[in-house]
Amino acid sequence: MSESPYRLAVIVGSVRDGRFGPVVANWFCRQASQRADLVVDLVDLAHVPAALGGAPGAAAPDEPRAPFAERIAAADAVVVVTPEYNHSYPGPLKAAIDSVGAQWHAKPVGFVSYGGISGGLRAVEPLRVVFAELHTVTIRETVSFAGAHACFDPAGEPVDAGPVNRAATAMLDQLGWWAEALRTARAARPYGS
Ligand SMILES: Cc1cc2nc3c(=O)[nH]c(=O)nc-3n(C[C@H](O)[C@H](O)[C@H](O)COP(=O)(O)O)c2cc1C
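Description of the structure in this document. Sequence positions are assigned chain by chain, starting from 1 and proceeding in written order. Only residues with pLDDT of at least 70 get local features here, since the model is predicted, and only at 80 or more are side-chain atom pairs given and counted; chain-wide, interface and lining totals rely on the full set of residues. Calculation of side-chain values draws on the structure's entire complement of heavy atoms; hydrogens and water are dropped beforehand.

Attention now moves to the overall build of the protein chain. Scanning the protein chain from N- to C-terminus turns up 5 helices and 6 strands. Ordered by position from the N terminus, the helices and strands of the protein chain form the series β-α-β-α-β-α-β-α-β-β-α. Its C-alpha atoms give the protein chain principal-axis dimensions of roughly 45 × 40 × 30 Å. For the protein chain, the residues scored as buried account for 46% of the 193 residues in total. Here the accessible surface of atoms and residues is derived via Shrake-Rupley with a 1.4 Å probe, and residues count as covered only by protein chains that are part of the display. Summed over all atoms, the accessible surface of the protein chain reaches about 8900 Å², with 57% contributed by carbon and sulfur. Numbering goes from the N terminus for both helices and strands, where a helix is a DSSP run of H or I of at least four residues and a strand is a run of E of at least two. Burial classes: relative accessible area under 20% of the type maximum marks a residue as buried, over 50% as exposed, and values in between as partly exposed (1.4 Å probe, protein chains only).

For aspartate 76, the location among the structural elements is in the loop between helix 2 (68-74) and strand 3 (77-83). Polar contacts involving the side chain of aspartate 76 include one to the side chain of arginine 186, which spans 3.0 Å. The residues contacting aspartate 76, other than those within four sequence positions of it, are Tyr6, Arg7, Lys107, Pro108, Ala179, Arg183 and Arg186. For this analysis, a polar contact is any N or O atom pair within 3.5 Å, provided that within protein one partner can donate a hydrogen and the other can accept it, and provided that sequence-adjacent residues contribute only side-chain to side-chain pairs. In this analysis, two residues are considered to be in contact whenever any of their non-hydrogen atoms come within 4.5 Å of each other.

For each residue, the test is whether any non-hydrogen atom lies within 4 Å of the molecule or strand; if one does, the residue is near. In the vicinity of the ligand there are 16 residues, among which Arg16, Phe20, Tyr85, Asn86 and Tyr114 approach most closely. Between an oxygen atom of the ligand and a side-chain N or O atom of tyrosine 85, the distance comes to 2.4 Å. The contact in question runs from an oxygen atom of the ligand to an N or O atom on the side chain of tyrosine 114, over 2.6 Å. Expressed as a share of its isolated accessible area of 610 Å², the protein-covered part of the ligand is 75%. A breakdown of the residues in the shell around the ligand according to their chemical character gives 5 nonpolar, 7 polar and 4 charged. In this count, Pro and Cys sit with the nonpolar residues alongside Ala, Val, Leu, Ile, Met, Phe, Trp and Tyr, while Asp, Glu, Lys and Arg are called charged and the others, Gly among them, polar.

Moving on to the pattern of salt bridges. Salt bridge, as used here: a side-chain nitrogen of Lys or Arg that lies within 4 Å of a carboxyl oxygen of Asp or Glu. Scanning all chains against the criterion turns up 12 salt bridges. Linking arginine 7 and aspartate 76 is a salt bridge whose minimum nitrogen-to-oxygen distance equals 3.2 Å. Within this pair, whereas arginine 7 is found in strand 1 (residues 6-12), its partner aspartate 76 is found in the loop between helix 2 and strand 3, the two being separated by 69 residues in sequence. Residue classification places aspartate 76 among the buried residues on the basis of a relative accessible area of 0%.

With that out of the way, let us pick up the packing of aromatic side chains. Only rings of Phe, Tyr and Trp enter the pairing, Trp through its six-membered ring, and a pair is recorded when the two centres are within 6.5 Å. The plane angle decides the type: under 30 degrees is stacked, over 60 is edge-to-face, the rest tilted. Across all of its chains, the model carries 10 aromatic pairs by this definition. Through a chain of ring-to-ring contacts, three or more aromatic side chains come together here, namely Phe20, Trp27, Phe28, Tyr114, Phe145 and Phe152.

Here the focus is the packing of helix 3 (residues 91-98) against helix 4 (residues 121-133). Axes, fitted as lines to C-alpha atoms, cover a helix only where it is in contact. Angles between the N-to-C directions of the axes lie from 0 to 180 degrees. Taken N-terminus to C-terminus, the directions of helix 3 and helix 4 make an angle of 10°; their axes are 12 Å apart at the nearest point. Put simply, helix 3 runs roughly parallel to helix 4. Where helix 3 crosses over helix 4, the two elements pack in a sense that is right-handed. Facing helix 3, whose interface residues are Leu93, Lys94 and Ile97, helix 4 presents Leu127, Val130 and Phe131. Considering only residue class, the contact of helix 3 with helix 4 consists of 5 nonpolar, no polar and 1 charged. If an angle is under 35 degrees, it is roughly parallel; if it is over 145, roughly antiparallel; if it lies from 65 to 115, roughly perpendicular; otherwise it is oblique. Rotating anticlockwise by less than a right angle from the far helix to the near helix defines a left-handed crossing, while the corresponding clockwise rotation defines a right-handed one.

Functional significance is not addressed by these values, which are geometric in nature.
Structure, rendered in structure tokens:
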């Protein structure tokens, strides 16, 4: 492990009223926060103006006030928590992704997906294409919840924690390798120089 924990931005990709996304994202953040190799910044797009058409004053009082671009710039790695909407990912997530440019470059991106029978994987695959254009490295291992609502108990814990905890560990192990490798590389030589 390197000298300091890497900074992981966890993006909550759904913004609609009544969304299930925070249940999934909060579980994932609890898993990630148990690790010594990272620190988490939970970025809820429901409070990010860039994802909401730039609506002024959309940020919640308890949401960090730094603009979305600054939070991505500060991150060494990103995990996108995304549902599947009509065989793809939410429009506000695309708006937020597109609002940022070079801040994405040379960083790893992992995915936690959820949805119906496909577990949100039809949202993840098109996201990989988008993130390739943004000079990121996407992580092969994913965490996926099929029939997501039934996967969690009323307290927000997975009803069958073993497999999903192992999936989260596998993804975070790969993400951590890339996060540290690319942090070192960016420091040695700015990307694109
Ligand atoms: C507009 C819409 C479209 C959806 N399309 C799909 C779909 O194509 N495939 C699927 O498996 N689930 C689909 N679902 C189910 C969602 O993935 C599931 O309800 C999930 O909880 C939505 O995330 P959210 O509650 O955080 O918004 C859809 C849900 C919505 C609201």
